[in-house]
There are 2 protein chains.
Amino acid sequence: MDTLGRHLLAEYRGCDAAVLNDEAQIEALMHAAAKAAGATVLLTAFRRFEPHGVTGVVVVSESHLSIHTWPEANYAAVDVFTCGETDCYAAHAVLMAGLGATHEETLLVQRGASAPTESMRFLERTSTPRLREVGT
Amino acid sequence: MDTLGRHLLAEYRGCDAAVLNDEAQIEALMHAAAKAAGATVLLTAFRRFEPHGVTGVVVVSESHLSIHTWPEANYAAVDVFTCGETDCYAAHAVLMAGLGATHEETLLVQRGASAPTESMRFLERTSTPRLREVGT
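Before going into details, it helps to say that this report is about the structure given with it. The model shown is predicted, which means the values in this text are computed figures rather than measured ones.

### Describing the environment of A90 of chain A
Residues and elements named next belong to chain A. Relative to the elements of secondary structure, A90 occurs in helix α3 (residues 88-99). Residues A90 and K35, 55 residues apart in the sequence, show an inter-C-alpha distance of 9.0 Å. Contacts of A90, omitting those with residues within four sequence positions, involve A36 and A37.

See the structure below:
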(Lines give C-alpha, C1' and ligand atoms only; values in the text may rest on other atoms or scores of the structure.)
Protein backbone atom coordinates (compact mmCIF):
# COMPACT_ATOMS: atom_id res chain seq x y z
CA MET A 1 0.00 0.00 0.00
CA ASP A 2 1.18 3.46 -0.80
CA THR A 3 1.54 5.36 2.44
CA LEU A 4 2.77 8.53 0.83
CA GLY A 5 0.93 11.62 1.97
CA ARG A 6 1.02 15.27 1.07
CA HIS A 7 0.41 17.73 3.88
CA LEU A 8 -0.36 21.34 3.02
CA LEU A 9 0.01 23.80 5.89
CA ALA A 10 -1.72 27.08 5.03
CA GLU A 11 -1.95 30.44 6.76
CA TYR A 12 -4.61 32.90 5.63
CA ARG A 13 -4.51 36.57 6.58
CA GLY A 14 -6.73 39.55 5.87
CA CYS A 15 -9.74 37.25 5.98
CA ASP A 16 -13.36 38.31 6.40
CA ALA A 17 -13.93 38.32 10.18
CA ALA A 18 -17.65 37.59 9.82
CA VAL A 19 -16.91 34.44 7.83
CA LEU A 20 -14.22 33.35 10.30
CA ASN A 21 -16.74 33.65 13.12
CA ASP A 22 -19.56 31.75 11.42
CA GLU A 23 -19.43 28.05 12.22
CA ALA A 24 -21.92 27.07 9.54
CA GLN A 25 -20.07 28.98 6.82
CA ILE A 26 -16.72 27.58 7.91
CA GLU A 27 -18.05 24.03 7.95
CA ALA A 28 -19.62 24.45 4.51
CA LEU A 29 -16.38 25.94 3.20
CA MET A 30 -14.33 23.03 4.55
CA HIS A 31 -16.71 20.58 2.90
CA ALA A 32 -16.34 22.49 -0.37
CA ALA A 33 -12.56 22.44 0.01
CA ALA A 34 -12.55 18.68 0.61
CA LYS A 35 -14.76 18.18 -2.43
CA ALA A 36 -12.52 20.38 -4.57
CA ALA A 37 -9.53 18.30 -3.52
CA GLY A 38 -11.34 15.19 -4.64
CA ALA A 39 -11.58 13.83 -1.11
CA THR A 40 -14.48 11.87 0.39
CA VAL A 41 -15.89 13.30 3.62
CA LEU A 42 -16.46 10.72 6.39
CA LEU A 43 -16.84 12.68 9.62
CA THR A 44 -16.89 16.29 10.77
CA ALA A 45 -16.35 17.97 14.12
CA PHE A 46 -16.78 21.74 14.49
CA ARG A 47 -16.99 24.06 17.47
CA ARG A 48 -17.51 27.81 17.80
CA PHE A 49 -15.75 29.55 20.66
CA GLU A 50 -16.85 32.50 22.76
CA PRO A 51 -16.28 35.34 22.24
CA HIS A 52 -14.98 34.43 18.78
CA GLY A 53 -13.31 31.80 16.66
CA VAL A 54 -14.19 28.50 15.03
CA THR A 55 -12.29 25.21 15.11
CA GLY A 56 -13.15 22.28 12.93
CA VAL A 57 -11.96 19.10 11.35
CA VAL A 58 -13.20 17.16 8.36
CA VAL A 59 -12.08 13.54 8.40
CA VAL A 60 -11.87 12.23 4.84
CA SER A 61 -11.08 8.81 3.40
CA GLU A 62 -7.77 10.29 2.30
CA SER A 63 -6.87 11.70 5.79
CA HIS A 64 -8.15 15.08 7.06
CA LEU A 65 -8.63 18.82 6.72
CA SER A 66 -8.55 21.12 9.76
CA ILE A 67 -9.17 24.81 10.40
CA HIS A 68 -8.70 27.18 13.33
CA THR A 69 -9.88 30.77 12.97
CA TRP A 70 -9.08 33.98 14.86
CA PRO A 71 -11.64 36.51 13.54
CA GLU A 72 -10.15 39.26 15.71
CA ALA A 73 -6.88 38.85 13.79
CA ASN A 74 -8.54 38.14 10.41
CA TYR A 75 -6.46 34.97 10.44
CA ALA A 76 -7.03 31.27 9.88
CA ALA A 77 -4.69 28.27 10.04
CA VAL A 78 -5.58 25.35 7.80
CA ASP A 79 -4.13 21.90 7.22
CA VAL A 80 -4.93 19.69 4.27
CA PHE A 81 -3.41 16.23 4.78
CA THR A 82 -4.22 13.91 1.91
CA CYS A 83 -3.11 10.61 0.47
CA GLY A 84 -3.77 9.22 -2.97
CA GLU A 85 -5.14 11.07 -5.96
CA THR A 86 -6.20 14.30 -4.32
CA ASP A 87 -5.35 17.91 -5.09
CA CYS A 88 -4.59 19.91 -1.95
CA TYR A 89 -4.05 23.11 -3.93
CA ALA A 90 -7.59 22.90 -5.27
CA ALA A 91 -8.75 22.93 -1.64
CA HIS A 92 -6.44 25.86 -0.99
CA ALA A 93 -7.96 27.89 -3.84
CA VAL A 94 -11.46 27.30 -2.48
CA LEU A 95 -10.36 28.37 1.00
CA MET A 96 -8.57 31.51 -0.22
CA ALA A 97 -11.71 32.66 -2.01
CA GLY A 98 -14.16 31.60 0.67
CA LEU A 99 -12.26 33.23 3.51
CA GLY A 100 -11.64 36.38 1.50
CA ALA A 101 -7.95 36.13 2.32
CA THR A 102 -5.67 38.89 1.06
CA HIS A 103 -2.45 37.11 2.00
CA GLU A 104 -1.62 33.45 2.10
CA GLU A 105 1.35 31.33 2.92
CA THR A 106 1.56 27.61 2.28
CA LEU A 107 4.06 24.92 3.05
CA LEU A 108 3.80 21.50 1.44
CA VAL A 109 5.38 18.67 3.41
CA GLN A 110 5.75 15.07 2.32
CA ARG A 111 4.52 12.54 4.86
CA GLY A 112 4.55 8.79 4.94
CA ALA A 113 6.36 5.54 5.28
CA SER A 114 6.88 5.08 1.57
CA ALA A 115 9.85 7.41 1.77
CA PRO A 116 11.67 6.46 4.96
CA THR A 117 14.71 8.60 4.32
CA GLU A 118 12.72 11.43 2.80
CA SER A 119 10.07 11.80 5.42
CA MET A 120 8.71 15.29 6.03
CA ARG A 121 10.68 16.68 3.14
CA PHE A 122 9.63 20.23 2.23
CA LEU A 123 8.20 20.02 -1.25
CA GLU A 124 7.10 23.58 -1.86
CA ARG A 125 6.52 26.91 -0.21
CA THR A 126 4.35 29.74 -1.55
CA SER A 127 3.25 33.09 -0.23
CA THR A 128 1.42 36.19 -1.36
CA PRO A 129 3.18 38.47 -0.98
CA ARG A 130 6.33 36.40 -0.87
CA LEU A 131 7.77 36.80 2.62
CA ARG A 132 10.88 34.83 1.89
CA GLU A 133 12.20 32.25 -0.52
CA VAL A 134 11.68 28.52 -0.23
CA GLY A 135 13.48 27.33 2.88
CA THR A 136 15.06 24.21 1.53
CA MET B 1 -5.31 37.66 21.76
CA ASP B 2 -2.21 35.60 21.27
CA THR B 3 -2.64 33.68 18.04
CA LEU B 4 0.70 31.97 18.22
CA GLY B 5 0.50 28.24 17.71
CA ARG B 6 2.97 25.39 17.78
CA HIS B 7 2.41 22.58 15.33
CA LEU B 8 4.28 19.31 15.86
CA LEU B 9 4.33 16.98 12.86
CA ALA B 10 5.37 13.48 13.93
CA GLU B 11 6.11 10.28 12.04
CA TYR B 12 6.22 7.01 13.98
CA ARG B 13 7.74 3.84 12.52
CA GLY B 14 8.22 0.33 13.78
CA CYS B 15 4.91 0.60 15.62
CA ASP B 16 2.83 -2.28 16.96
CA ALA B 17 0.50 -3.20 14.10
CA ALA B 18 -2.20 -4.52 16.44
CA VAL B 19 -2.35 -1.18 18.25
CA LEU B 20 -2.40 0.76 14.97
CA ASN B 21 -5.40 -1.29 13.85
CA ASP B 22 -7.41 -0.95 17.06
CA GLU B 23 -9.72 2.07 16.92
CA ALA B 24 -10.51 1.99 20.64
CA GLN B 25 -6.86 1.85 21.63
CA ILE B 26 -5.91 4.61 19.21
CA GLU B 27 -8.72 6.85 20.45
CA ALA B 28 -7.75 6.23 24.10
CA LEU B 29 -4.12 6.95 23.26
CA MET B 30 -4.98 10.21 21.55
CA HIS B 31 -7.03 11.27 24.56
CA ALA B 32 -4.08 10.41 26.81
CA ALA B 33 -1.76 12.40 24.54
CA ALA B 34 -4.07 15.42 24.66
CA LYS B 35 -4.24 15.17 28.43
CA ALA B 36 -0.45 14.87 28.70
CA ALA B 37 -0.11 18.03 26.61
CA GLY B 38 -2.40 19.84 29.02
CA ALA B 39 -5.11 20.25 26.38
CA THR B 40 -8.86 20.09 26.94
CA VAL B 41 -10.73 17.63 24.73
CA LEU B 42 -13.92 19.00 23.13
CA LEU B 43 -14.81 16.64 20.29
CA THR B 44 -13.51 13.42 18.76
CA ALA B 45 -13.98 11.76 15.39
CA PHE B 46 -12.46 8.35 14.67
CA ARG B 47 -12.89 5.81 11.91
CA ARG B 48 -11.42 2.36 11.30
CA PHE B 49 -10.81 1.38 7.69
CA GLU B 50 -11.06 -2.03 6.01
CA PRO B 51 -8.88 -3.98 5.69
CA HIS B 52 -6.73 -1.96 8.06
CA GLY B 53 -5.90 1.47 9.41
CA VAL B 54 -7.41 4.01 11.77
CA THR B 55 -7.92 7.73 11.27
CA GLY B 56 -8.93 10.08 14.03
CA VAL B 57 -9.01 13.61 15.26
CA VAL B 58 -9.32 15.05 18.72
CA VAL B 59 -10.52 18.67 18.71
CA VAL B 60 -9.22 20.44 21.81
CA SER B 61 -9.78 23.94 23.17
CA GLU B 62 -6.21 24.64 22.14
CA SER B 63 -6.65 23.39 18.50
CA HIS B 64 -6.36 19.68 17.54
CA LEU B 65 -4.52 16.38 17.45
CA SER B 66 -4.82 14.01 14.48
CA ILE B 67 -3.60 10.52 13.66
CA HIS B 68 -3.54 8.31 10.57
CA THR B 69 -2.22 4.76 10.88
CA TRP B 70 -0.96 2.20 8.37
CA PRO B 71 -0.66 -1.04 10.37
CA GLU B 72 0.69 -2.89 7.33
CA ALA B 73 3.65 -0.50 7.33
CA ASN B 74 3.92 -0.22 11.15
CA TYR B 75 3.59 3.50 10.55
CA ALA B 76 1.53 6.37 11.94
CA ALA B 77 1.43 10.07 11.07
CA VAL B 78 0.42 12.40 13.90
CA ASP B 79 -0.13 16.14 14.20
CA VAL B 80 -0.31 18.04 17.47
CA PHE B 81 -1.39 21.63 16.81
CA THR B 82 -1.68 23.60 20.03
CA CYS B 83 -1.95 27.17 21.21
CA GLY B 84 -1.36 28.53 24.67
CA GLU B 85 0.24 26.77 27.59
CA THR B 86 0.40 23.26 26.23
CA ASP B 87 3.30 20.83 25.83
CA CYS B 88 3.24 19.06 22.46
CA TYR B 89 6.34 17.02 23.31
CA ALA B 90 4.54 15.52 26.31
CA ALA B 91 1.88 14.29 23.87
CA HIS B 92 4.67 12.99 21.64
CA ALA B 93 6.20 10.95 24.48
CA VAL B 94 2.85 9.35 25.25
CA LEU B 95 2.35 8.48 21.59
CA MET B 96 5.86 7.03 21.16
CA ALA B 97 5.29 4.70 24.10
CA GLY B 98 1.68 3.83 23.31
CA LEU B 99 2.36 3.01 19.66
CA GLY B 100 5.50 1.06 20.51
CA ALA B 101 7.42 3.10 17.94
CA THR B 102 11.05 2.22 17.38
CA HIS B 103 11.80 5.25 15.22
CA GLU B 104 10.34 8.71 15.29
CA GLU B 105 10.79 11.93 13.41
CA THR B 106 9.28 15.24 14.46
CA LEU B 107 9.11 18.68 12.95
CA LEU B 108 7.95 21.64 15.01
CA VAL B 109 6.49 24.51 13.00
CA GLN B 110 5.40 27.88 14.33
CA ARG B 111 1.92 28.91 13.26
CA GLY B 112 -0.10 32.02 13.81
CA ALA B 113 -0.78 35.63 13.13
CA SER B 114 1.24 36.89 16.06
CA ALA B 115 4.35 36.49 13.98
CA PRO B 116 3.38 37.74 10.51
CA THR B 117 6.88 37.66 9.09
CA GLU B 118 7.89 34.52 10.95
CA SER B 119 4.94 32.36 10.05
CA MET B 120 5.59 28.64 9.65
CA ARG B 121 9.14 29.01 10.83
CA PHE B 122 10.78 25.66 11.55
CA LEU B 123 11.51 25.65 15.25
CA GLU B 124 12.98 22.23 15.74
CA ARG B 125 13.50 18.85 14.11
CA THR B 126 14.25 15.58 15.88
CA SER B 127 14.61 11.99 14.79
CA THR B 128 15.64 8.63 16.17
CA PRO B 129 17.84 7.66 14.55
CA ARG B 130 18.79 11.05 13.21
CA LEU B 131 18.14 10.95 9.48
CA ARG B 132 19.52 14.40 8.83
CA GLU B 133 20.24 17.63 10.60
CA VAL B 134 17.75 20.41 11.22
CA GLY B 135 16.77 21.83 7.83
CA THR B 136 16.84 25.49 8.69
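### Some remarks on the sheet that holds strand β3 (residues 54-60) of chain B
Two orientations exist for strands paired in a sheet by backbone hydrogen bonds: parallel and antiparallel. Residue and element names in this part refer to chain B. The antiparallel open sheet is built from seven strands, whose spatial order is β2-β3-β4-β5-β1-β6-β7. Both outer strands of the open sheet, β2 (41-48) and β7 (122-128), are each paired with one neighbouring strand and no more. Sheet twist, expressed as the average angle between the axes of neighbouring strands with direction ignored, equals 10°. Where helix α3 (residues 88-99) meets the sheet, it contacts β1 (5-13), β4 (63-70), β5 (75-83), β6 (103-111) and β7, and its direction lies at approximately 15° from that of β1.

### Section: the pattern of salt bridges
Proximity of charged atoms lets side chains of opposite charge pair with each other. Counting across every chain of the model gives ten salt bridges over all chains. Among the ionic pairs, E11 of chain A bridges to R13 of chain A, the shortest N-O distance being 3.7 Å. The burial state of E11 of chain A is the same as that of R13 of chain A; both residues are buried. R125 of chain B serves as the salt-bridge partner of E105 of chain B, at 2.9 Å between the closest nitrogen and oxygen. Taken together, the positions of E105 of chain B in strand β6 and R125 of chain B in strand β7 put the pair 20 residues apart, joining distant regions of the chain. Put simply, E11, R13 and D79 of chain A together with R111 of chain B are held in one network by salt bridges that share partners.

Rules used throughout
Residues numbered from 1 in each chain as written. Chains lettered and ligands numbered in written order. Predicted model: local features only at pLDDT ≥ 70, side-chain atom pairs only at ≥ 80, totals over all residues. Heavy atoms only, no water. Helix = DSSP H or I, 4+ residues; strand = E, 2+ residues; numbered from the N terminus. Contact = heavy atoms within 4.5 Å. Pairing = 2+ DSSP bridges. Axes fitted to C-alpha atoms, helices over the stretch in contact; angles between N-to-C directions. Salt bridge = Lys/Arg side-chain N within 4 Å of Asp/Glu carboxyl O. Buried < 20%, exposed > 50% of the residue type's maximum accessible area, 1.4 Å probe, protein only.

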